[in-house]
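The lines below spell out each chain.
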Amino acid sequence: MKIGILYICTGRYSIFWKEFYLSMEKNFIYSAEKHYFVFTDSKEIDFEKNNQNIHRIYQEDLGWPDNTLLRFTMFLGIKEDLSLMDYLFFFNANLIVLEKISSEEFLPKNNEKLVATLHPGFYNKKRKSFTYDRNKKSTAYISKNEGINYFAGGLNGGITQAFLEAICSMSNKIDTDTKNNVVAKWHDESHWNRYLIGRNDIKILTPSFLYPINKDLPFKPIILIRDKNNYGGHHALRNKRNNYLNRLLVILKILFYKIKKK
Ligand code: GAL
């Protein structure tokens, strides 16, 4: 069984890679052949030498919020490689696996196709407090009568074909938003929540799998979210190159990529 792990660490986020990788090798589904697809602008990353399972893909640092918003487009750039996997999972850069995780508890089974994780900030909250995208101009828009759970963008995946379909659909919608000068409230996370509305083929992971460090939640911490503040904070980590010219450049790059693929 091959599991593709999608991981983005451009710019300063590369500091998270080493411990993430070590914790995954130690604790994540021991029986699986794990392939790490690491999108980074680092010239070299730890453990990549003589390692057939670490695939480093050059990814320019697009700045905030495109580093997160355009993740699905990045993944589609290596669609052929990803389609060789049985399962695909995206992990946020600052995660670390604390406890052993078995295939039974993590992988979709029976009629499940996708895997989504309950956001640790909303597992016990009412729908009206969910931070879904409420902007009707956005393709991630969710009305106040829709949705049962609020899912996090930091850990998701599924059976390869189902997840590739999901990222293809979300990437197209994000392109439409970009053309309409709209950015969904919580970027890729808003689109993921929209995509999951009304589906009954989702395996739901509890916040045990996205447990923020130093928080007191009624779950056992299995995958820990490291505090970005201990690594310079959000602002230092994010490359805030989000001026008009840069976004224009990004849109042109997407168009170029799409034309090239046709
Ligand atoms: C925050 C988190 C964001 C986003 C937001 C949703 O806690 O840092 O990435 O998920 O919740 O409301």
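Refer to the structure above for everything that follows.
What counts, and at which threshold
- Residues numbered from 1 in each chain as written.
- Predicted model: local features only at pLDDT ≥ 70, side-chain atom pairs only at ≥ 80, totals over all residues.
- Heavy atoms only, no water.
- Helix = DSSP H or I, 4+ residues; strand = E, 2+ residues; numbered from the N terminus.
- Rg over C-alpha atoms; globule rule 2.2 N^0.38 Å.
- Buried < 20%, exposed > 50% of the residue type's maximum accessible area, 1.4 Å probe, protein only.
- Contact = heavy atoms within 4.5 Å.
- Areas by Shrake-Rupley, 256 points an atom, 1.4 Å probe, with all protein chains shown as cover.
- Lys, Arg positive; Asp, Glu negative; His and termini not counted.
- Charge placed at Lys NZ, Arg CZ, Asp CG, Glu CD.
- Core = buried A, V, L, I, M, F, W, Y, C linked by side-chain atoms within 4.5 Å.
- Pairing = 2+ DSSP bridges.
- Axes fitted to C-alpha atoms, helices over the stretch in contact; angles between N-to-C directions.
- Near = heavy atom within 4 Å.
- Polar contact = N/O pair within 3.5 Å; in protein donor to acceptor, adjacent residues only side chain to side chain.
- Nonpolar A, V, L, I, M, F, W, Y, C, P; charged D, E, K, R; others polar.

Novice: Tell me about the overall build of the protein chain, and name the residues and values.
Specialist: Across its full length, the protein chain holds 9 helices and 10 strands. Against the globule reference of 18 Å for 262 residues, the protein chain gives a C-alpha radius of gyration of 18 Å, in line with a compact fold. Seen through its principal axes, the protein chain has C-alpha atoms that stretch 45 × 45 × 40 Å. Looking at the 262 residues of the protein chain, the share that counts as buried comes to 53%. Within the protein chain, counting contacts between residues at least 6 apart in sequence, those at least 24 apart form 74% of the total. Counting every atom, the protein chain has about 13200 Å² of accessible surface; 52% of that belongs to carbon and sulfur. Each charge sign in the protein chain was given a centre, from 40 positive and 27 negative side chains, and these centres are 6 Å apart.

Novice: Please give an account of the nonpolar core that cites residues and values.
Specialist: In this structure, Trp 17, Phe 91, Phe 106 and Ile 223 are the most contacted members of the largest nonpolar core, which totals 35 residues. Elements represented by at least two residues in this core include exactly β1 (2-8), α1 (17-27), β2 (33-40), β4 (87-91), β5 (95-97) and β7 (151-159). Looking at which element gives the most residues to this core, the answer is α1, with 4 residues. Discounting chain neighbours no more than four positions away, the residues touching Phe 91 are Ile 5, Leu 6, Tyr 7, Phe 20, Met 24, Phe 28, Phe 106, Gly 154, Leu 155 and Ile 223.

Novice: Describe the pairing of β7, with residues and values.
Specialist: Of all 9 residues in β7, 8 are buried, a share of seventy percent or more. Here 5 bridges tie β4 to β7, and the two strands are oriented antiparallel to one another. Following the sheet pairing, Leu 88 is matched in β7 by Gly 158.

Novice: Go over the sheet that holds strand β3 (residues 54-58), please, and point to the residues and values.
Specialist: A sheet is described by the order of its strands in space; here 7 strands give the open sequence β3-β2-β1-β4-β7-β6-β8, paired in mixed fashion. With one partner strand each, in any of the chains shown, β3 and β8 (202-205) form the two edges of the open sheet. Taking each pair of neighbouring strands and ignoring which way they run, the sheet shows an average axis angle of 20 degrees. Of the pairings in the sheet, the one linking β2 to β3 comprises 5 bridges and is parallel in character. Paired with Phe 37 across the bridge in β3 is His 55. Lying over the sheet, α1 contacts β1, β2, β3 and β4, oriented at roughly 170 degrees with respect to β2. Running at roughly 135 degrees to β7, helix α6 (residues 160-179) makes contact with β1, β4, β6 (114-118) and β7 of the sheet.

Novice: Run through the site of the ligand, naming residues and quoting values.
Specialist: Neighbouring residues of the ligand: His 119, Phe 122, Thr 131, Tyr 150, Trp 186 and Glu 189. In this structure, Thr 131 approaches the ligand through a side-chain N or O atom, which is 2.7 Å from an oxygen atom. At 2.8 Å, a side-chain N or O of Glu 189 approaches an oxygen atom of the ligand. The protein chains hide 58% of the 310 Å² of surface that the ligand would expose on its own. For the shell around the ligand, the per-class residue count stands at 3 nonpolar, 2 polar and 1 charged.

Novice: Give me the lowdown on unusual backbone geometry, citing residues and values where you can.
Specialist: Trp 64 connects to Pro 65 through a cis peptide bond whose omega is 5 degrees. With respect to the secondary-structure elements, Pro 65 resides in the loop between β3 and α2 (66-69). A positive phi angle, close to 55 degrees, is found at Asn 110, a residue other than glycine. Along the chain, Asn 110 turns up in the loop between α5 (103-106) and β6. With a phi angle near 70 degrees, Asn 214 is a residue other than glycine that sits in the positive phi range. Relative to the elements of secondary structure, Asn 214 occurs in the loop between β9 (211-212) and β10 (223-225). Accessibility expressed as a relative area gives 72% for Asn 214, which makes it exposed.

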